[in-house]
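Take a look at the letters that make up each chain.
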Amino acid sequence: MSLRRLLRRAGPGPGPRRPPRRGLFSASPPPWSQVVSEAEKIVGYPTSFISLRCLLSDELGNIALQVRKLVGTRHPLLSTARGLVQDSRHNLQMRGLVVLLVSKAAGPSGPATLALDHGMVSGIYPSQRSLAEITELIHTAFLVHRGIVNLGELKTSDGPLKDMQFGNKIAILSGDFLLANACTSLAQLQNTKVVELISSALSDLVQGIYHENSSSAEENWITDDIGISAWKKQTFLSHSALLAKSCQAAMELARHGATVQEVAFQYGKHMSLSHKINSDLQPFVKGKSDGSLAFSLNSAPAILHQEFLGREMWMKQIREAQVKGSLDYSKLREAIKAGKGVTSAIDLCRYHGNKALEALEHFPPSEARSALANIVFAVTTFL
């Protein structure tokens, strides 16, 4: 049975459709760790070590020693470093793994690719594996760069000023080092279109993060007025463009035509949008009992809540949740949960999940295609 025939409606009437159940007797997808483990077996090796060659280099090893000097402070570079070693749910080397799975799911484009077969492992070309590494390096570099602290907003509890300044220098240098390695590897692929695609993804990332930082600045973070359409455009730039264009580039490396490249792009785009909405929903969904957990007022549930409620009422709720100049997140969280923002965000997450599944239908049935579908199921399940 095709993925399209398995799709289910989210409810009566028009609206986004829920992803299908995985099987007749399976009420929920397997845990994320199992999804990743099964996918890694399909592509041939654990992608948690996808950039191991870079991480074991003398230059980065020296940076790691310098990062230890920040222990005892609250510099974000520490949490970023911990995340690279032991990542949280739904984030473990996801981008590189998806690029490899899409590469295997699509397979060779035909007899014309026989000359590329040398060095192929588990149905994936060496150039595609290099591309997966490049994607992870770029993502990691931007994570490190985003951890730079605004020294003007430091609190005494964050740590001594000289330590925080030192942490910023290390964040800039290590992020630049990773980006330089990614660009060198990208040039070695010797494919002009792939270079163009990944370069445009870098441009998108910079533009998206710039807008994020502008909208979350202290003077604007409460007054920012953004609708869900604008949120999607911004989120594509900062969270989806890299994966979508990397999936497309993987098809170009296997000499697939424009149709297959577009299919891969659409899967990467919609899956990553679904993934981001899932992340935005975590402070609101069942199992997150800490009502004081902070969340962005520009997250998907908050944006959708504002659209249903109206701008004036939304600002009133924010003012009512302010206590001595700071927000009572517990109170505001309950207000958003009581409205339609959370349920609408869940529906939107599942809508993009279904769009990703529809893109997968263009690939022939295989273990790799099933693994890509399982990733969608995992990020669209909230039970």
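All values derive from a computational prediction rather than experimental measurement. (Residues numbered from 1 in each chain as written. Predicted model: local features only at pLDDT ≥ 70, side-chain atom pairs only at ≥ 80, totals over all residues. Heavy atoms only, no water.)

Please explain the pattern of salt bridges as it appears in this structure.
Tallying each qualifying case throughout the model produces four salt bridges. Across the pair Lys276 and Asp280 runs a salt bridge, and its minimum N-O distance is 2.7 Å. Here Lys276 pairs with Asp280, and both are found in helix α11 (residues 258-281), just four residues apart, close to one helical turn. For the pair Lys276 and Asp280, one class covers both residues: buried. A salt bridge links Arg333 to Glu334; its shortest N-O distance comes to 3.1 Å. A residue is classified by how much of its surface remains accessible, and Arg333, at 4% relative accessible area, is buried. (Salt bridge = Lys/Arg side-chain N within 4 Å of Asp/Glu carboxyl O. Helix = DSSP H or I, 4+ residues; strand = E, 2+ residues; numbered from the N terminus. Buried < 20%, exposed > 50% of the residue type's maximum accessible area, 1.4 Å probe, protein only.)

Explain the packing of helix α10 (residues 228-253) against α11 here, please?
Relative placement of two packed helices is described by the angle separating their axes and the distance separating the axes. Remark: α10 packs on α11, axes separated minimally by 7 Å, with the N-to-C direction vectors making an angle of 140°. Taken together, the axes of α10 and α11 lie oblique to each other. Like other packed secondary-structure pairs, α10 and α11 cross with a definite hand, here right-handed. Tallied by class, residues from the contact of α10 with α11 come to 12 nonpolar, seven polar and six charged. (Axes fitted to C-alpha atoms, helices over the stretch in contact; angles between N-to-C directions. Parallel < 35°, antiparallel > 145°, perpendicular 65-115°, else oblique. Left-handed = near helix turned anticlockwise from the far one by under 90°. Nonpolar A, V, L, I, M, F, W, Y, C, P; charged D, E, K, R; others polar.)

How should the nonpolar core be read in this particular structure?
The nonpolar side chains of soluble globular proteins are, as a tendency, buried together. Counting residues in each nonpolar core, the largest one holds 63 residues, and the members touching the most others are Val98, Leu101, Val102, Ile138, Tyr267 and Met271. In contact with Met271, not counting residues within four places along its chain, are Met94, Val98, Leu243, Ala356, Ile375 and Val376. (Core = buried A, V, L, I, M, F, W, Y, C linked by side-chain atoms within 4.5 Å. Contact = heavy atoms within 4.5 Å.)

When you look at unusual backbone geometry in this model, what are you seeing that I'm missing?
Negative phi values dominate among residues other than glycine, just as trans dominates among peptide bonds. The phi dihedral of Gln190 falls on the positive side, at around 55°, and the residue is not glycine. Along the chain, the position of Gln190 falls in the loop between α8 (161-188) and α9 (192-215). Backbone geometry places Arg255, a non-glycine residue, at a positive phi of 65°. Within the secondary structure, Arg255 is located in the loop between α10 and α11.

What's the story with the packing of aromatic side chains in this structure? I'm lost.
Working definition: an aromatic ring pair is given by the centre-to-centre distance plus the angle between the planes. Counted by the stated rule, this structure contains three aromatic pairs. An angle of 75° between the planes, with centres 5.2 Å apart, marks the rings of Phe295 and Tyr329 as edge-to-face. With a gap of 34 residues between them, Phe295 in the loop between α11 and α12 (300-309) and Tyr329 in helix α14 (residues 329-338) connect regions that are remote in the sequence. Exposure remark for Tyr329: the relative accessible area of 17% places this residue in the buried category. One aromatic cluster in this structure is built from Phe284, Phe295 and Tyr329. (Phe/Tyr/Trp six-rings, centres within 6.5 Å; stacked < 30°, edge-to-face > 60°.)

Just distances and angles here, no functional claims.
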